Amino acid sequence: MPEKAPITSSELGTLWLTYQEKTMILRMLEYFIEKADDDKARNIMTGLYNELDEYVSKIIEIYEQEGAVIPVGYTAEDVNKDAPKLYDNGFDIMLVRLLKEISMGLHALNITMTFREDLNMLFEGLTALTQKYYRISSQYLLEKGLLVRAPYVSMPKSVEFVKDNSYLGGVILNPFNEKRPLNTVEIAHVHKGIESNLIGLQLILGFGQSANDGEVKNYFKEGAEISKSIIKELSEIMIQTNLPVPQAPGGNATRSTTAPFSDKLMMYCISLFCSFSMGSSSLGTAFSLRNDLPAKMGIFMKDIFEYAHNGADIMIKNGWMEEPPQMEDHKQKMN
């Protein structure tokens, strides 16, 4: 009997997705390490790079053992380390933190779809690595004053239960319907949505001004407008509840128009962020009990889905969308 069972379709899929994401992150880190003007930030990114690179090597080794072709992913051709700084004031670690948020979600999902012990250990290791650098990045940003905490509220002194359906009030179709204040679960999701979109907005603005292809530039401009709209809508919800709205404390795009990354890599990065945003909006919808919030989140998800679909069309047209491993087409063989 073989020592290891062959990898399943779901395991192959999770490995493929992980390879795409990690090779993209490595290329981005190569640029940001080169441009870092803060020694501590550079050390954080260098540590992350070295540890991630080891896991990419492990994935390549698994592919080779299984006799499978190694994906292309993102290579040295997708990064220009000589490009001028495209972002300043702590954006590098802000981006690392957001990428680690995405990775935590992906690894948690991937580990539920793996069966072989070596693959479980791979994703367990990646999960621990991701949590480690998310914590380090958060502490760095807090120390630098570049991370806005969620609003504080008074501590509860008694347990309360919902007494009637008015708790669910806030139907978006009735602007005169009185809305109760947000509860702390809802505040968490609204605050997180604003914070993520503030960073995503700066990222896509930099991409838009440095992209080479005109259609890609316009695509990024459209994405910036969607992000601004989401920030505006969520900020109004915070204001209506007399809560402070998080503001971007730094990490602005510079005036550089020289692309540090290929259009292919930037398009994939935004595609990844769209998937993360739809997932976050789904969670916000699931855990929000005030009726107007799921309605708004649903509109966000529709807009983001359509935007992501348009991005996929651009990637396909330019030959940038690598196909995941496919099932054999038995019908075609029978023809």
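Keep in mind that this is a model prediction, so the values were computed, not measured.

K.L.:
A description of the overall build of the protein should follow, citing residues and the corresponding values.
P.N.:
A tally of regular secondary structure across the protein gives nine helices and zero strands. Along the protein, helices (α) and strands (β) appear in the sequence α-α-α-α-α-α-α-α-α when read from the amino end. Relative to the 2.2 N^0.38 estimate, which gives 20 Å for 335 residues, the radius of gyration of the protein is 22 Å and therefore close to what a compact globule would have. Counting only C-alpha atoms, the protein reaches 65 × 50 × 40 Å along its principal axes. Taken as a whole, the protein presents about 17,800 Å² of accessible surface, with 57% of it coming from carbon and sulfur.

K.L.:
Quick rundown of the pattern of salt bridges? Include the residues and the values.
P.N.:
Taken as a whole and judged by the stated rule, the model has 21 salt bridges. The residue Glu-66 makes a salt bridge to Arg-116 at a minimum N-O spacing of 2.8 Å. In this pair, Glu-66 sits in helix α2 (residues 39-66) while Arg-116 sits in the loop between α3 (91-111) and α4 (117-143), placing the two residues 50 residues apart along the sequence. On the basis of relative accessible area, Glu-66 is assigned to the partly exposed category, the value being 31%.

K.L.:
Quick rundown of the packing of aromatic side chains? Include the residues and the values.
P.N.:
The full count for this structure, using the stated rule, is eleven aromatic pairs. Every member of this aromatic cluster is reached through a ring pair, and the members are Tyr-31, Phe-32, Tyr-87, Phe-91, Phe-207, Tyr-219, Phe-220, Phe-261 and Tyr-307. One residue, Lys-58, lies across the ring of Tyr-55, its end atom 4.5 Å from the ring centre. For the cation-ring pair, Lys-264 lies above Tyr-74, with the distance from its terminal atom to the ring centre recorded as 4.9 Å.

K.L.:
Could you give an account of the side chain of Asn-197, with specific residues and numbers?
P.N.:
Looking at the element boundaries, Asn-197 is found in helix α5 (residues 184-210). From its side chain, Asn-197 meets the backbone oxygen of Gly-193 in a polar contact 2.8 Å long. Aside from chain neighbours lying at most four places away, what touches Asn-197 is Ser-227, Ile-230 and Ile-231.

K.L.:
So what's going on with the state of the cysteines? Which residues, and what values?
P.N.:
Taken as a whole and assessed by the stated rule, the structure comprises zero disulfides. Of all cysteine sulfurs in the structure, the one in Cys-274 sits closest to Cys-269, which takes part in no disulfide; the separation is 9.9 Å. The exposure class of Cys-274 is buried, given its relative accessible area of 7%.

K.L.:
Describe empty space enclosed by the protein, and please don't skip the residues or the numbers.
P.N.:
Tallied over the entire structure, the rule returns one cavity of 30 Å³ or more. In this structure, the largest cavity spans a volume of roughly 140 Å³. Lining of the largest cavity is provided by 16 residues; of these, Leu-146, Glu-195, Ile-199, Ala-248 and Pro-249 occupy positions nearest its centre. Of all the elements in the fold, those that place two or more residues in the lining of the largest cavity are α3 and α5. Sort the elements by how many residues they give to the lining of the largest cavity and α5 lands first, with five residues. Broken down by class, the residue content of the lining of the largest cavity amounts to ten nonpolar, four polar and two charged.

K.L.:
Would you mind going over a nonpolar patch on the surface in detail, with residue names and values included?
P.N.:
Together, Val-185, Leu-283 and Phe-287 line one region of the surface with nonpolar side chains, adding up to about 280 Å² of accessible area. Residue position: Phe-287 is located in helix α7 (residues 263-287). Residue Phe-287 is classed as partly exposed on the basis of its relative accessible area, which comes to 47%.

K.L.:
Tell me about the nonpolar core, and name the residues and values.
P.N.:
Judged by nonpolar contacts, the single largest core of 87 residues is most densely connected at Met-24, Phe-207 and Phe-220. Mapped by element, the contributors of at least two residues to this core are α1 (9-35), α2, α3, α4, α5, α6 (214-240), α7 and α8 (292-317). Apart from residues lying up to four places away in sequence, Phe-207 is in contact with Met-28, Leu-86, Tyr-87, Phe-220, Phe-261, Met-266, Cys-269 and Ile-270.

K.L.:
How would you summarise the layout of surface pockets if you had to cite specific residues and measurements?
P.N.:
If you add up the space inside the largest pocket, you get close to 700 Å³. Contributing to the lining of the largest pocket are 30 residues, with Ser-196, Phe-273, Phe-276, Ser-277 and Ser-280 lying nearest its centre. Contributing elements (two or more residues each) for the lining of the largest pocket: α5, α6, α7 and α8. Its residues assigned to classes, the lining of the largest pocket shows 16 nonpolar, twelve polar and two charged. Of the voids in this model, the second largest pocket is the one considered here, and its volume is about 570 Å³. Looking at the second largest pocket, it is lined by 26 residues, and the ones nearest its centre are Leu-17, Tyr-268, Ser-271, Leu-272 and Ser-275. Mapped onto the lining of the second largest pocket, the elements with two or more residues apiece are α1, α3, α7 and α8.

Thresholds applied
Residues numbered from 1 in each chain as written. Predicted model: local features only at pLDDT ≥ 70, side-chain atom pairs only at ≥ 80, totals over all residues. Heavy atoms only, no water. Helix = DSSP H or I, 4+ residues; strand = E, 2+ residues; numbered from the N terminus. Rg over C-alpha atoms; globule rule 2.2 N^0.38 Å. Areas by Shrake-Rupley, 256 points an atom, 1.4 Å probe, with all protein chains shown as cover. Salt bridge = Lys/Arg side-chain N within 4 Å of Asp/Glu carboxyl O. Buried < 20%, exposed > 50% of the residue type's maximum accessible area, 1.4 Å probe, protein only. Phe/Tyr/Trp six-rings, centres within 6.5 Å; stacked < 30°, edge-to-face > 60°. Lys NZ or Arg CZ within 6 Å of the ring centre and 35° of its normal. Polar contact = N/O pair within 3.5 Å; in protein donor to acceptor, adjacent residues only side chain to side chain. Contact = heavy atoms within 4.5 Å. Disulfide = S-S within 2.5 Å. 1 Å grid on protein atoms, 1.4 Å probe; cavity = no way out; pocket = protein on both sides within 12 Å on 5 of 7 lines; lining within 4 Å. Points joined across faces, edges and corners; volume = space filled by probe spheres on them. Nonpolar A, V, L, I, M, F, W, Y, C, P; charged D, E, K, R; others polar. Patch = residues over 30% accessible without salt bridge, like charges linked within 9 Å, V, L, I, M, F, W, Y side chains within 5 Å. Core = buried A, V, L, I, M, F, W, Y, C linked by side-chain atoms within 4.5 Å.

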